[in-house]
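Chain and residue survey
As a plain string of letters, each chain reads:
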Amino acid sequence: MTPDLPQIHLHDTATGSVRPLELREPGVVSIYCCGPTVYAPPHLGHGRFVLVYDVLRRYLEWAGYEVRFVSNITDIDDKIIERAQNEDRAWQQITQRCEKVWFDTMDRIDVMRPTETPHATEYVDQMVELISTLIGRDAAYTTDDGVYLAVEGIEGYGLLARQSLDQLVEGGGDREVFGADAKRHPADFALWKFSKPGEPAWPSPWGEGRPGWHTECVVMSLDLLGEGFDLHTGGLDLAFPHHENERAQAVALGAEFAKHWMHNGFVEMDGEKMSKSIGNVKNLVDLADRHDPRAYRLLVLQSHYRSPIEVTDTSIANAEAALGRLDTFARRTSDLDGAADTGVLDAFRTAMANDLDTPAGMQFVFNAVRDANSALDAGDTEAAATAAATARELCGALGLRLEDAAAAVPAEIEALVAERTEARAAKDWARADAIRDELSAAGWTVEDSADGPVARPL
């Protein structure tokens, strides 16, 4: 490890334990993050995984590491084809539109763009070459509907599921992994799917078709990051079968694959895991339209990445209220000039290096904000400036943007504030309280300052 850089410890799905992130190249972290299949708008589960790994990336770079972050776009898939057929549109129209919506939404929630964004359709030739190699090694075979990997020959298959192959078969599994009649083993999975009439197709030695979902990330990650790259990430739902099947192909190729596997926990709604099968998937675009887009980042930061996260109207409203307090702090301290407390920064660095402990990281932020406000109230501007600089530095490391510019106050809100001032001057406290409630319902509060009442957004 490069001197002065913190040793990062992360939970490794392959070992089931928190262990040091051992880097191939000192000071440089190579990360592959499974990206979206672009057939619909992003949902809250997408939002959680991109925010978790955006925070990881930002923290690593803040701590002094160089990060190469690759995240793919799956732009050919059964779901894309199904939607195109249902809407009688070209599949490219679906993918291009949905990819634009994806990145527009990522911009709204302040997610950094990947270093590279490979598309599956750009790598079909390399996937065909990979499959040919596997067939040549008797690790894959052809059936009447495609080409399959023979998992019985893969040492340690089931590692990321923490189960043996026999246990996986006994427990059943994903319909893509289990159930095709022509397969030699129930867990064998498709590397290549022969196309039906009217479906998109690419040439191959076995017949026209398209690659299986599990094949694209193997080719793209090894091409862009090389063998033995440091960290493979994604949602917990991808650990098996998707990531296990990626790993299996690399094993069959004799290639060193990811050295560390990191998976974030589920999004829950009303106590249930978010799932399309039970109809409780909410749209991330709608959340960004209806709420402060920063609120979801704050909600994610306040939960450990491996724990379930509850997303409700109440939890989002609470996050928005906390953001309001942080923004008020930012405005109140915008004129202060100080240096961050290096002791607090070191403690934050240590907490975050311990399996990305963002709840602890946010506690350092809230403590610094409290200290800054208390110092200002006591007239100690020097201490306030140090605490304020510390809070701002930590928020930057977490990607939590603060708004320190005063929001434009609508004319109708200004009129209510003026009416409340008149009511208070006339000692009409009932009317003043009613106006305060009316302002609150509209999302505003009034702060009585030495310069007179000032409207602030909640």
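Conventions used here
Residues numbered from 1 in each chain as written. Predicted model: local features only at pLDDT ≥ 70, side-chain atom pairs only at ≥ 80, totals over all residues. Heavy atoms only, no water. Helix = DSSP H or I, 4+ residues; strand = E, 2+ residues; numbered from the N terminus. Buried < 20%, exposed > 50% of the residue type's maximum accessible area, 1.4 Å probe, protein only. Disulfide = S-S within 2.5 Å. Core = buried A, V, L, I, M, F, W, Y, C linked by side-chain atoms within 4.5 Å. Domains from an automatic or database assignment. Phe/Tyr/Trp six-rings, centres within 6.5 Å; stacked < 30°, edge-to-face > 60°. Lys NZ or Arg CZ within 6 Å of the ring centre and 35° of its normal. Expected span 1.5 Å × (residues − 1). Arc of directions from axis to C-beta. Contact = heavy atoms within 4.5 Å. Polar contact = N/O pair within 3.5 Å; in protein donor to acceptor, adjacent residues only side chain to side chain.

**Quick notes on the environment of Arg 331**
Looking at where Arg 331 falls in the secondary structure, it is placed in helix H10 (residues 313-332). Accessibility expressed as a relative area gives 12% for Arg 331, which makes it buried. Sequence separation of Arg 331 and Leu 253 is 78 residues, and the distance between their C-alpha atoms is 57 Å.

**Brief notes about unusual backbone geometry**
Following Phe 240, the chain continues into Pro 241 via a peptide bond in cis, with omega recorded as 10°. Residue Asp 110 is not a glycine yet carries a positive backbone phi of 65°. Tracing the backbone through its elements, the reader meets Asp 110 in the loop between helix H3 (91-108) and helix H4 (124-136). A positive phi angle is found at Leu 356, which is not glycine, with a value near 50°. Looking at where Leu 356 falls in the secondary structure, it is placed in the loop between helix H11 (342-353) and helix H12 (358-377).

**Points about the state of the cysteines**
In the structure shown here, the tally under the stated rule is 0 disulfides. Cys 217 supplies the cysteine sulfur nearest to Cys 34, a cysteine that is in no disulfide, at a spacing of 3.8 Å. Exposure remark for Cys 34: the relative accessible area of 3% places this residue in the buried category.

**Re the nonpolar core**
Core analysis: the biggest nonpolar cluster contains 122 residues, and Leu 60, Leu 134, Leu 149, Tyr 157 and Tyr 296 have the highest contact counts within it. Among the elements that line this core, the one with the most residues is helix H1 (residues 44-63), at 11 residues. Counting residues domain by domain, this core receives three or more from each of domain 1 (9-264) and domain 2 (276-398).

**Topic: the packing of aromatic side chains**
Any aromatic ring pair is given by two values, namely how distant the centres are and how the planes are angled relative to each other. Summed over all chains, the structure comprises 10 aromatic pairs. An aromatic cluster is defined as three or more aromatic residues linked by ring pairs; in this entry it consists of Tyr 59, Trp 62 and Phe 348. Across from the ring centre of Tyr 141, 4.0 Å away, lies the NZ or CZ of Arg 184, which sits over that ring.

**What about helix H15 (residues 429-441)?**
Taking 1.5 Å of rise per residue, 13 residues should cover 18 Å, and H15 covers 18 Å from first to last C-alpha, within 8% of that figure. Residues Ala 432, Ile 435 and Leu 439 constitute the buried set of H15. Angular distribution of buried residues about the axis of H15 spans 60°; they occupy a single face of the element. Exposed and oriented more than 90 degrees from the buried face of H15 are Ala 430 and Ala 441.

**Side note on H11**
One full turn of an α-helix is made of 3.6 residues, so residues set three or four places apart face in the same direction. In a regular helix each residue adds 1.5 Å, so 12 residues correspond to 16 Å; H11 covers 16 Å between its end C-alpha atoms and thus fits that length. Residues of H11 that are buried: Leu 345, Phe 348, Ala 351, Met 352 and Ala 353. Against strand E1 (9-12), H1, H12 and helix H13 (381-398) lie the buried residues of H11. You can read the cap of H11 off the contacts: a side-chain oxygen lies 2.8 Å from the backbone nitrogen of Gly 343, and it is on Asp 341. Where H11 ends, the next residue or the one after it, Asp 355, has phi of about 60°, a positive value.

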